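# Observations on the three-dimensional arrangement
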Amino acid sequence: MIDRRRVMELWHRLDVTVRDLPLGILLLVASTVPALHGNGTEVGGLPTRPADLLAGVAAVLQCLPLAVRRRWPLVCLILVSGGFVLDQLRGYHLVAGTALPIALLSAGSYLERYRRSTMIASSVAFAALAVALHHLGPGKGVAEFLSFYLVLALIWGVGAGLRSARIAEAERRIHVAEAARAAERTRIARELHDVVTHHVTAMVVQSEAARYLTASPDRLDQTLVAISDTGRRAITDLRHLLDLLDPDHGTGGEDRTPPVGRVLTLVEQTRLAGQPVELTEEGTPPTSTGSADLVAYRVVQEALTNALKYDHGGRTSVLVRHSERDITVEVGTDGSGSRAGSPGGSGRGLENLRERVNVLGGDFSAGQQSGGGFLVRARIPAGSPA
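All values derive from a computational prediction rather than experimental measurement.

Reading the values: rules and limits
- Residues numbered from 1 in each chain as written.
- Predicted model: local features only at pLDDT ≥ 70, side-chain atom pairs only at ≥ 80, totals over all residues.
- Heavy atoms only, no water.
- Pairing = 2+ DSSP bridges.
- Helix = DSSP H or I, 4+ residues; strand = E, 2+ residues; numbered from the N terminus.
- Axes fitted to C-alpha atoms, helices over the stretch in contact; angles between N-to-C directions.
- Buried < 20%, exposed > 50% of the residue type's maximum accessible area, 1.4 Å probe, protein only.
- Expected span 1.5 Å × (residues − 1).
- Phe/Tyr/Trp six-rings, centres within 6.5 Å; stacked < 30°, edge-to-face > 60°.

This part takes up the sheet that holds strand β1 (residues 277–282). Strand order in the open sheet formed by 5 strands is β1-β2-β3-β5-β4, with mixed pairing between adjacent strands. Only two strands of the sheet have a single partner each, and these edge strands are β1 and β4 (363–368). Within the sheet, the average angular offset between the axes of one strand and its neighbour, ignoring direction, is 5°. Pairing of strand β3 (residues 326–333) with strand β5 (residues 374–381) involves 7 bridges; the strand directions are antiparallel.

Here it is as structure tokens:
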């Protein structure tokens, strides 16, 4: 059995000239059928003349140029118009005359340059043809020529409408593609912010602390080891991000999405940076959490980064509560610490978190607490698609 979809795919892969040629051949063959002679387009009322050599020329000029009606619409219109004029002045009235509306429609739809000049030139050419037919024929009234001209003008207008619709669709696709690229750039920037800021902040805080530990070699060595571990984690997370952006970049054998289970790693890393953090986990994670795991991880990551920056040394609590319907994350400090010697933030991290949580249909809040410090809270529905 013939696969119709496969045939259509093969057909659309052919050059547009090859795809347009069969229509011209069909009209040319129809023009050679004796029973159809004189049954084509007739303007001016000239008596039908028997076919001769010039009739063949007129048929070829009108039919075969249809093969280039989309690639070279102006060339097609000129040749077809020339064949149509010869057909009408000689009185052959071939079926090939049907090619003129097709060529005109194609010109209105695909012609990019000289559109106004083409319209004017075509109108002048038709007026000259009408005058010639009026003198050669039985003297048909102006109404017949005018009505035929209006039909041709309508066909051109239909082609112009198709062209406008095609341009509008192309512009819409461009806008969609630009919006998709912008969204992708935003996503990449957000991921880089989440991955880099936390680790770099921890490394800056740890290196600042190391300056005051020169008299204690053991503690200095521990701090330097912590900085090295943080750097390695940063590299690992950046590799995860590269694998996410380019699946061919990595081996694909490891989980690229940091689960909430890795919150403990974040907590330990923050503790090494000198931040006392208490972690509490409640409930059992459901089998499928969708994107909730990743978003919850990012909430903890960003909140701990802010704790290191703005409440360094202050008591920090992390609560992760699992339920069948959502994951709740709360990260707070008591305000007893100090501002670390790390670069300040722009607030972009919290805004990114708010956007992520809102996209999944959750709730997000972040602000100062009455007793000092701050509290970040997020409720992320479990099972939400990525």
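Our focus in this paragraph is the pairing of strand β2 (residues 316–322). Along β2, 5 of the 7 residues are buried, which leaves the element largely enclosed by surrounding structure. Pairing geometry for β1 and β2, over 6 bridges, is parallel. Within β2, the residue paired with Leu279 across the bridge is Val318. Inspection of the sheet shows β2 paired to β3 by 7 bridges, in the antiparallel sense. Each residue of the ladder has a partner; that of Leu319, found in β3, is Glu330.

Attention shifts here to the pairing of β5. Inspection of the sheet shows β4 paired to β5 by 6 bridges, in the antiparallel sense. What sits directly across from Ser365, in β5, is Arg377. Linking β4 to β5, which pair antiparallel, is a turn of 5 residues; within it Gly372 sits at a positive phi near 100°.

With 19 residues, helix α10 (residues 292–310) should reach 27 Å at 1.5 Å per residue; the first-to-last C-alpha distance of 27 Å fits that figure. Within α10, 17 of the 19 residues are buried, which leaves the element mostly enclosed by the surrounding structure.

Between two aromatic rings, the relevant description is the distance of the centres plus the angle of the planes. Per the stated rule, a full pass over the model turns up 3 aromatic pairs. Residues Phe84 and Phe148 carry aromatic rings whose centres are separated by 6.2 Å and whose planes lie at 5° to one another, so their mutual orientation is stacked. Within this pair, whereas Phe84 is found in helix α4 (residues 73–90), its partner Phe148 is found in helix α7 (residues 142–210), the two being separated by 64 residues in sequence. Across the pair, Phe148 and Phe84 agree in class, each one buried. With 5.9 Å between their ring centres and 20° between their planes, Phe126 and Phe148 make a pair best called stacked. Of this pair, Phe126 sits in helix α6 (residues 115–136) while Phe148 sits in helix α7, and the two are 22 residues apart along the sequence. Residue classification places Phe126 among the buried positions, given a relative accessible area of 12%. An aromatic cluster is built from Phe84, Phe126, Phe148 and Tyr149, whose rings are joined through pairwise contacts.

Function-wise, these values are silent; they only describe arrangement.
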